[in-house]
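# Summary of the model geometry
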Amino acid sequence: MSDPADVEVTGLSFGYGRGGHRITDVSLSVRSTEVCCLLGPNGAGKTTLLRCLLGLLRPESGSVRITGRDIDTLAPRELARRVAYVPQSTSSPFPFTALDIAVMGRTPHLGLLEAPGAADRRGALAQLDRLGIARLADRSFAALSGGERQLVLLARALVQEAAILILDEPTAALDYGNEVRTLHVVAELAREGHAVIMTTHQPSHALTYSNRAVLMRDGLVIADGHPDDVVTGERLSDLYGVPVHVTGVTLPPGHDRREVRTCVPIPAPHSAPLLSH
Ligand SMILES: Nc1ncnc2c1ncn2[C@@H]1O[C@H](COP(=O)(O)OP(=O)(O)OP(=O)(O)O)[C@@H](O)[C@H]1O
């Protein structure tokens, strides 16, 4: 028998009360070294699925196994050593610095009343540095921009040293440079052996940085496979209801990869480019 998948979801269904929105019969397994991008329109159920994977929502039926263990058998600290989560956005009413927030990622590794020590703070600083934000270490978390906060929360997740990373739109608030740098780190983490599940509204993220894409609509998984097979112009056009073209772009010589694929919207018929003044 092969090793258990890092995350194995089988026949999972969940609904927000009677007549509320639902996800239905979702099965998904994501293994070490995979970056799995969850794509789908607003309200498709992506965050709901992530919250079920984290044990924050209790499914009506089906199971979630984390590194071979049923999630219901894992105590919160055990779960936190296995899975780190970066939510869409968070603030803090308390006067924590960015470094304080990042150090909180050590909590599942500390004793009950143990405070983080110098080594924990050094480790957290190293992760802030990996994401290019060491300069923010002593700034108040509450006073950071949305994008800066997002990077600090990602640093906290890295400090947690969990094998599984669950990222809800991790680049939504980032400028272009930070978006690309963050996705490079995500791909690097998968190469190091992590399993990453991330939601995104950018199909190009799946095409360029992931090796697995899952498309969701109305609470159902409608496609699951390698991004080259799943993230096609036809599928995206159907999923988002707008015409989209997926194409390969040849990179200049000197790069590891010769081609990356990306997607572009097809302009409305008879639309000329806008004139510049
Ligand atoms: N706490 C809640 N109570 C009731 N309904 C909810 C709750 N949270 C989400 N929903 C509904 O469930 C559906 C799926 O929401 P979810 O946040 O999972 O979608 P999503 O795919 O992550 O969307 P987005 O891309 O906009 O973040 C939505 O219609 C939403 O209104």
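Look up: the structure comes first, before these words.
Read on for a plain summary of the structure. Quick caveat, the model's predicted, so the values are computed rather than measured.

Another point: the environment of Ser140. Counting through the fold element by element, Ser140 comes out in the loop between helix H4 (118–130) and helix H5 (146–159). Residue classification places Ser140 among the partly exposed residues on the basis of 14 C-beta atoms within 10 Å. Considered as a pair, Ser140 and Ile164 are 24 residues apart in the sequence and their alpha carbons are 28 Å apart. Not counting the four nearest positions on each side in its chain, Ser140 is found in contact with Pro95 and Thr97.

Membership of the largest hydrophobic core comes to 70 residues, with the highest contact counts inside it found for Leu53, Ala102, Val152, Ala155, Ile166 and Val196. Broken down by element, this core gets its largest block of residues, eight residues, from H5. Ignoring anything within four residues of it in the chain, the contact list for Ile166 reads Leu50, Leu53, Leu54, Val83, Tyr85 and Ile197.

The buried count for strand S9 (residues 212–217) comes to five of six residues, which makes it a mostly enclosed element. Where strand S3 (residues 35–39) meets S9, four bridges bridge the pair, whose relative direction is parallel. Pairing of Leu39 across the sheet is with Leu215, part of S9.

Attention now moves to the site of the ligand. With respect to spatial proximity, the complete set of residues near the ligand consists of Tyr16, Gly20, His21, Gly40, Asn42, Gly43, Ala44, Gly45, Lys46, Thr47 and Thr48. Partitioning the shell around the ligand into residue classes produces two nonpolar, eight polar and one charged.

The rules behind the values
- Residues numbered from 1 in each chain as written.
- Predicted model: local features only at pLDDT ≥ 70, side-chain atom pairs only at ≥ 80, totals over all residues.
- Helix = DSSP H or I, 4+ residues; strand = E, 2+ residues; numbered from the N terminus.
- Buried ≥ 20, exposed ≤ 12 C-beta atoms within 10 Å, placed from the backbone.
- Contact = placed C-beta atoms within 7 Å.
- Core = buried A, V, L, I, M, F, W, Y, C linked by C-beta atoms within 7 Å.
- Pairing = 2+ DSSP bridges.
- Near = placed C-beta within 6 Å.
- Nonpolar A, V, L, I, M, F, W, Y, C, P; charged D, E, K, R; others polar.

Shape descriptors only; they carry no functional weight alone.
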